[in-house]
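A structural walkthrough
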Amino acid sequence: MVYPDTFEGFIVESHSEWSDFKKRPFKPKTFESHDVDVEIEACGVCGSDVHTLTGGWGQANFPLCVGHEVVGTVVNIGNEVTTVRLGDRVGVGAQVWACLKCKVCKAGQENYCPHQVDTYNAKYPNKEEAQGGYASHIRAHEYFVFNIPDNIPSELAAPMMCAGLTSYSPLVRAGCGPGKKVAILGIGGLGHFGILFAAALGAETYAISHSPHKEADARKLGAREFICTKDSDWSKPWQYTFDFILNTADMTNTFNLKDYMSTLAINGTFHHVGLPDKPLPEMKAQDFCPNGAAMSGSHIGNREEAVAMLQLASEQNIKSWVETIDIGEIGCKEAVQRVKRNDVKYRFTLVNYKEAFRVCIARDQHLT
């Protein structure tokens, strides 16, 4: 590896060998004036990594380096960068570029930019490929690089960059705060953040899960009540209750959605951030009528929300529930396989990057 022209990462070559990682060099995108290079020290393992590697979300671009919950140190900045400085500890989430010129971006909705570039399995407008955070470095536009508060450890900050923001953004946009009853459906990597942030925002927070053994965790995270969907007629006592349900489950295709929708208050919303491989169950338009319910979804969050989320986590001492695994061919394989079988409580963060890559980069480098 010859930095800055070459990065090194743990790469997967095909869907058929989706959990077989090999350390390989790769070329990052061409460095530009608004770009930031981050030497990575931690990266969360997201369910998106597994869906992408297995082909559950469609054919991926191989060879592929996944990972979009990155924390590390700024080691290189373009000559027009203003958001971060060399030596800053920063995070990068599930987006590394947007045009910042279209009407969507100018409205502060850059996470919905029609030209956006995801952190991995995506191509820039010039056809260069974006690769992710199971790597020595990541290169991103400064707008998608966020300073991490000093009191949030890197291994806990990393999962906030995707899972945290993906849960936080829709809660804030729905006005989930004091006076609102909010249910978090699915107590996993996304769901545990949903409970943490809904409670921190002041909402009356409930947990819905098919796993009764998660009740103690849900209450410790901040849920007022625990609702188990394995109970007979579980939904009936909760009809017309919740202003907002944040659905973080990725098996929604197996749900009887009408039961869940019946627990919404009048004009309540059932909001998807869990994204299953398979289509949602069929519903009729009439199914939305008994309580005037709505169904919606969202994609990560914008810069303003990312900054606010990190500030909230810092001020209220919100901690991700994280297991750490040393990055490497074995560690990456273990992490994605365990995420696939839901054997994690509640996020993995890959750590010990310096041991894996043994990089040594001058901190005073500044490219134009």
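Notes on the structure follow.

What counts and what doesn't
Residues numbered from 1 in each chain as written. Predicted model: local features only at pLDDT ≥ 70, side-chain atom pairs only at ≥ 80, totals over all residues. Heavy atoms only, no water. Axes fitted to C-alpha atoms, helices over the stretch in contact; angles between N-to-C directions. Helix = DSSP H or I, 4+ residues; strand = E, 2+ residues; numbered from the N terminus. Parallel < 35°, antiparallel > 145°, perpendicular 65-115°, else oblique. Contact = heavy atoms within 4.5 Å. Disulfide = S-S within 2.5 Å. Buried < 20%, exposed > 50% of the residue type's maximum accessible area, 1.4 Å probe, protein only. Core = buried A, V, L, I, M, F, W, Y, C linked by side-chain atoms within 4.5 Å. Polar contact = N/O pair within 3.5 Å; in protein donor to acceptor, adjacent residues only side chain to side chain.

As for the packing of helix H4 (residues 163-173) against helix H8 (residues 303-315)
- Direction vectors running N to C along H4 and H8 enclose 100 degrees, while the axes themselves pass 10 Å from each other. Relative to H8, the element H4 lies roughly perpendicular. Residues Gly164, Leu165, Tyr168, Ser169 and Arg173 of H4 lie in contact with H8, whose contacting residues are Glu305, Ala306, Ala308, Met309 and Leu312.

Topic: the state of the cysteines
- Summed over the entire model, instances satisfying the criterion amount to 0 disulfides.
- Residue Cys99 stays outside any disulfide, its sulfur separated by 3.6 Å from that of Cys102, the closest cysteine.
- Cysteine Cys176 is unpaired, with the sulfur of Cys162 as its nearest cysteine sulfur at 19 Å.
- Judged by relative accessible area, Cys176 falls into the buried class, the value being 5%.

Section: the nonpolar core
- In this structure, Tyr134, Ile327 and Leu350 are the most contacted members of the largest nonpolar core, which totals 57 residues.
- Looking at this core, the element that brings in the most residues is strand S3 (residues 35-45), giving 5 residues.
- Listed in part, the 41 residues of the second largest apolar core include Val71, Ala157, Leu196 and Ala313.

Thoughts on the environment of Lys333
- Mapping Lys333 onto the fold places it in helix H9 (residues 329-340).
- Overall, the relative accessible area of 28% leaves Lys333 in the partly exposed class.
- Setting aside residues up to four positions removed in sequence, Lys333 forms contacts with Ser19, Asp20 and Phe21.
- Polar side-chain contacts of Lys333 include one of 2.6 Å to the side chain of Asp20.

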